[in-house]
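Read off the chains here:
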Amino acid sequence: MFYDIIIGEHLIKTVQRGYMRFIISLIIVLTVSSALFAQGSDYRFADYVRIQIGDTISVQVITGAEWIEVEGHIVNDLYAFGKQITIDGSVGDDAVLFGEVITIRGSVGDMVAGAGRTIVIDGEIGGDLIMAAKEIRFTENAHVRGNVSAGAETIYFNGNRIDGAVRLAAKRANLDGEAGGHVLIYSNDVVFGNAYRDGGRTRIVSTEPLYRDNLGNIPPNLELEVRQPGIFPVLMFQIWFYLSLLVTGIVLLTLFFPTASDLQRFSTERFWMNILTGFGMFILIPLAIILLIILVLTIPLAVILSVLYGLTLFISYLMVAMILGFQFVTWFVADPKKSTYYWSLVLGLILIAVLNNVPFIGGLFSILLLFFGIGSMGRYGYERYKEKQAVMESGPE
């Protein structure tokens, strides 16, 4: 029960903040990357990729383009990355799609998974549907033979048919279709139409009070549940989180103390330049990861870069905590010692924990610290690399 509550609250917050798209994208990429090379593939990369009516491709298609149109038949899987993706023909097996606008008017034989800004389902899907977007719309022609798991800011079901169970997380959900199984909705704004039907029960989980007068045509077996976030679980999680950071930071500080002290000095001497550098890294590195994924053959490099980027963010968080605490401690300690760095780490994590929970200011503070941390590590690594290169080029004296 406790696990289900945490997951429900997490889904609502995730969709509202726009992070769900990234999480699902990362999971799918890590899951299918090894399968891309296990069988024959047709690679197509251009500004405009079109599989014309009458064309039949017997192998899986991997494509990346601004505009992708499938009007013919793909016997195997489709992996598509583009700005606008349209399927008017048919895909025999799975379809993994990432794009700004995704429209399925034809048919997909099995699972459809992916993410986008706007997703329109106007055809037939033979398996499960797992999608995340800003807006997901099921038209009256949509027919999903499996289960649906979807997260979006807005979800519309308009006269469609879903044979399996439905699990939704949305800021707003307008439901006017038919589901063959249970329907579970995490949302604070739900409206049912006259054509809405379910094959089991419909349950709404909300973090705010819901009033039946605002729900439209209420199904007879509707269950409402309001879950107020508990303070104790959140408090215990934060205590565990910051204690784990402290233990990790102490270990890293012990192992790499000379580097940590040198990095502390380097970071504070170039504060605003490091923030500017961090902003650039925060934008460019994810773009590089996406580019490596689109090129397909470089997906392993994308995975490695993603892991390194995640480690950099984590270590920079600890570094920023130590620097913040160190600056505060040195106001009162004129001659810092080695133990000062450890106490600075403790104090810095406490300060960050407090400031992160301050409304409005906390968010801005976190962003600046993020840019400062990764920028400092990036510039420090680059400067050390230049120094080593200079030593190598000068040779022995």
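It should be emphasised that the depicted structure is a prediction, and the values quoted were computed from it without experimental measurement.

Calculation criteria
Residues numbered from 1 in each chain as written. Predicted model: local features only at pLDDT ≥ 70, side-chain atom pairs only at ≥ 80, totals over all residues. Heavy atoms only, no water. Helix = DSSP H or I, 4+ residues; strand = E, 2+ residues; numbered from the N terminus. Buried < 20%, exposed > 50% of the residue type's maximum accessible area, 1.4 Å probe, protein only. Contact = heavy atoms within 4.5 Å. Areas by Shrake-Rupley, 256 points an atom, 1.4 Å probe, with all protein chains shown as cover. Salt bridge = Lys/Arg side-chain N within 4 Å of Asp/Glu carboxyl O. Expected span 1.5 Å × (residues − 1). Phe/Tyr/Trp six-rings, centres within 6.5 Å; stacked < 30°, edge-to-face > 60°. Lys NZ or Arg CZ within 6 Å of the ring centre and 35° of its normal. Patch = residues over 30% accessible without salt bridge, like charges linked within 9 Å, V, L, I, M, F, W, Y side chains within 5 Å. Axes fitted to C-alpha atoms, helices over the stretch in contact; angles between N-to-C directions. Parallel < 35°, antiparallel > 145°, perpendicular 65-115°, else oblique. Left-handed = near helix turned anticlockwise from the far one by under 90°. Nonpolar A, V, L, I, M, F, W, Y, C, P; charged D, E, K, R; others polar. pLDDT = per-residue confidence, 0-100. Polar contact = N/O pair within 3.5 Å; in protein donor to acceptor, adjacent residues only side chain to side chain.

*Asks:* Help me understand the overall build of the protein in this model?
*Replies:* Helix and strand content of the protein: 8 helices and 19 strands. Taking all 397 residues of the protein together, the buried fraction comes to 42%. Once local pairs closer than 6 in sequence are excluded, the contacts in the protein between residues at least 24 apart make up 26%. With the model as given, the accessible surface of the protein reaches about 20800 Å², and the carbon-plus-sulfur share is 64%.

*Asks:* How do you make sense of the pattern of salt bridges when you look at a structure like this?
*Replies:* Pairing between side chains of opposite charge can happen when the charged atoms of each approach one another. Evaluated as defined, the whole model comprises 14 salt bridges. Across the salt bridge formed by Asp 262 and Arg 384, the nearest N and O atoms sit 3.5 Å from each other. Here Asp 262 is found in helix H4 (residues 257-269), whereas its partner Arg 384 is found in helix H8 (residues 361-394), with 122 residues between them in sequence. In this structure, Lys 386 and Glu 383 form a salt bridge, with 4.0 Å as the shortest nitrogen-oxygen distance. With Lys 386 and Glu 383 both in helix H8, this residue pair falls 3 residues apart, about one helical turn. The class for Lys 386 is partly exposed, based on a relative accessible area of 38%. One salt-bridge network, in which partners are shared between bridges, spans Arg 161, Asp 163 and Glu 178.

*Asks:* Honestly, helix H5 (residues 271-294) in this entry has me stumped. Any pointers?
*Replies:* Note that an α-helix has 3.6 residues per turn; residues three or four places apart therefore point the same way. Over its 24 residues, H5 runs 35 Å from end to end, which matches the ideal 34 Å to within 8%, given 1.5 Å per residue. Three or more residues of H5 are buried, namely Asn 274, Ile 275, Gly 278, Ile 285, Ile 289, Leu 292 and Ile 293. Just downstream of H5, Val 296 is the residue with a positive phi angle, here 65°.

*Asks:* Which parts of the structure should I look at to understand the packing of aromatic side chains?
*Replies:* Any aromatic ring pair is given by two values, namely how distant the centres are and how the planes are angled relative to each other. Under the definition given, this model contains 9 aromatic pairs. The ring of Phe 257 carries the charged tip of Lys 338 above its face, separated from the ring centre by 5.1 Å.

*Asks:* Would you mind going over the environment of Phe 371 with me for this structure?
*Replies:* Within the element layout of this structure, Phe 371 appears in helix H8. Spatially, the C-alpha atoms of Phe 371 and Leu 276 are 7.2 Å apart, while their sequence positions differ by 95 residues. With sequence-adjacent residues up to four places away left out, Phe 371 is seen in contact with Asn 274, Ile 275, Gly 278, Phe 279 and Phe 282.

*Asks:* Can you help me understand a nonpolar patch on the surface in this one?
*Replies:* On the surface, Leu 301, Ile 304, Val 307, Leu 308, Leu 311, Phe 314 and Ile 315 cluster together into a nonpolar patch covering about 610 Å² of accessible area. Its location among the elements puts Ile 304 in helix H6 (residues 299-329).

*Asks:* Explain the packing of H5 against H6 here, please?
*Replies:* Packed helices, taken two at a time, are described by their axes: the angle between them and the distance between them. Where H5 meets H6, the axes come as close as 7 Å, and the angle between the chain directions of the two elements is 155°. Accordingly, the angle class assigned to the pair H5 and H6 is roughly antiparallel. Where H5 crosses over H6, the two elements pack in a sense that is left-handed. Contacts from Met 281, Phe 282, Ile 285, Pro 286, Ala 288, Ile 289, Leu 292 and Ile 293 of H5 reach H6 at Ile 299, Leu 301, Ala 302, Leu 305, Ser 306 and Tyr 309. Taken together, the residues of the contact of H5 with H6 sort by class into 13 nonpolar, 1 polar and no charged.

*Asks:* What am I meant to see in the confidence of the model for the protein here?
*Replies:* Reading fine detail from the predicted coordinates is not recommended where pLDDT is low. Summarising the model, the protein shows a mean pLDDT of 81, and 87% of its residues fall at 70 or more. Overall, residues 1-38 carries pLDDT values under 50, and its contacts beyond four positions in sequence, including any with other chains, amount to 63 contacts.

*Asks:* Even after reading the chapter, I still don't get the environment of Asp 128, so can you show me in this structure?
*Replies:* Within the secondary structure layout, Asp 128 lies in the loop between strand E11 (124-125) and strand E12 (129-138). Asp 128 sits in the partly exposed class, given a relative accessible area of 32%. Residues Asp 128 and Asp 94 lie 34 residues apart in sequence; the distance between their C-alpha atoms is 9.6 Å. Of note is the side chain of Asp 128, whose polar atom sits 2.7 Å from the backbone nitrogen of Asn 147.

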